Amino acid sequence: AGVPIKLLHEGEGHVVTVELKNGEIYKGLLSESEDTMNCQMKEVIMTAKDGRILRLDNVFLRGAHIKFIVLPELLKNASVLKKIQGMKAKRMESEAATGAPAAKKGSSKHVRF
């Protein structure tokens, strides 16, 4: 799984906000997420496009219908992000030491992340 999916999994057990492509907004406890972005949530407040608000005990959201997910700010310290930052820092240090320019995305002979 890629970094965004790993970060989604890190969000399990936290309150998240999910907006669907149809405009509905769900805010609640992310109890489980899958690599397909399917999400199971508890204690949810759903806001419909017309502004109506519903309280729901459990919700299953299909990943293909999700427009975006707002994760808690504390996840900016998640281990998966620290690992990526460390990899970027190492690459920048090696490029500075060798004087080589940063690799362009899609250029050959370079490892892609």
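Undergrad: What exactly am I supposed to notice about the pattern of salt bridges here?
TA: When charged atoms on two side chains of opposite charge get close, those side chains can pair. Using the criterion set out here, one finds two salt bridges in the structure. Note that Lys67 is salt-bridged to Glu19, the shortest N-O span being 3.8 Å. Of the two residues, Lys67 is situated in strand 5 (residues 66–70) and Glu19 in strand 1 (residues 15–20); the sequence distance between them amounts to 48 residues. Residue class for Lys67 comes out exposed when judged on its relative accessible area of 53%. Residue class for Glu19 comes out buried when judged on its relative accessible area of 17%. Notably, a salt bridge pairs Arg52 with Asp50, separated by 2.9 Å at the nearest N-O pair. Summarising the burial analysis for this pair, Arg52 and Asp50 share the class exposed.

Undergrad: What is the right way to look at the nonpolar core in this model?
TA: The nonpolar side chains of soluble globular proteins are, as a tendency, buried together. Among the nonpolar cores identified, the biggest contains 14 residues, and Val18, Leu20, Tyr26, Leu30, Met41 and Leu61 are the most heavily contacted of them. Only strand 1, strand 2 (25–33), strand 3 (39–47) and strand 4 (53–61) provide two or more residues apiece to this core. For this core, the leading source of residues is strand 3, giving four residues. Not counting the four nearest positions on each side in its chain, Leu61 is found in contact with Val18, Leu20, Tyr26, Met37, Asn38, Cys39 and Met41.

Undergrad: In this structure, what is going on with helix 1 (residues 3–10)? I would like to understand it.
TA: Owing to its 3.6 residues per turn, the α-helix brings residues three or four apart onto one side. Where helix 1 is concerned, the buried positions are Ile5, Leu7 and Leu8. When helix 1 is viewed along its axis, its buried side chains cluster within an angular range of 160° and face the same direction.

Undergrad: I'm lost on the sheet that holds strand 4 in this one. Help?
TA: What links the strands of a sheet is backbone hydrogen bonding, and the strands pair in either a parallel or an antiparallel sense. Read from one edge to the other, the open sheet built from five strands follows the order 4-3-2-1-5, with strand pairing classed as antiparallel. Single-partner strands in this sheet number two, and they are strand 4 and strand 5. Averaged over all pairs of adjacent strands, the angle between their axes in this sheet comes to 30°, without regard to strand direction. Inspection of the sheet shows strand 1 paired to strand 5 by four bridges, in the antiparallel sense. Note on strand 5: the bridge partner recorded for Leu20 is Ile66.

Undergrad: For this particular structure, what's the right way to read the confidence of the model for the protein?
TA: Detail in the predicted coordinates should be disregarded across regions flagged by low pLDDT. Residues at a pLDDT of 70 or more form 73% of the protein, whose mean pLDDT is 81. This model gives residues 105–113 a pLDDT under 50, and the stretch forms five contacts once residues within four places in sequence are excluded.

Undergrad: What should I look at first to understand the pairing of strand 1 in this one?
TA: Each regular strand carries side chains that alternate between the two faces of the sheet. Within strand 1, five of the six residues are buried, which leaves it mostly tucked inside the rest of the structure. By the bridge criterion, five bridges tie strand 1 to strand 2 in an arrangement that is antiparallel. Counted as the bridge partner of Glu19 is Ile25 from strand 2. Between the end of strand 1 and the start of strand 2, which pair antiparallel, lie four residues, with Gly23 showing a positive phi angle near 100°.

Undergrad: Would you take a moment to explain the pairing of strand 3 for this structure?
TA: Looking at chain direction, strand 2 and strand 3 are connected through seven bridges and run antiparallel. In the strand pairing of strand 3, Ile25 is matched with Thr47. Here strand 3 pairs with strand 4 via eight bridges, running antiparallel. Each bridged residue has a counterpart across the sheet, and for Ile45 the counterpart in strand 4 is Arg55.

Criteria and thresholds
Residues numbered from 1 in each chain as written. Predicted model: local features only at pLDDT ≥ 70, side-chain atom pairs only at ≥ 80, totals over all residues. Heavy atoms only, no water. Salt bridge = Lys/Arg side-chain N within 4 Å of Asp/Glu carboxyl O. Helix = DSSP H or I, 4+ residues; strand = E, 2+ residues; numbered from the N terminus. Buried < 20%, exposed > 50% of the residue type's maximum accessible area, 1.4 Å probe, protein only. Core = buried A, V, L, I, M, F, W, Y, C linked by side-chain atoms within 4.5 Å. Contact = heavy atoms within 4.5 Å. Arc of directions from axis to C-beta. Pairing = 2+ DSSP bridges. Axes fitted to C-alpha atoms, helices over the stretch in contact; angles between N-to-C directions. pLDDT = per-residue confidence, 0-100.

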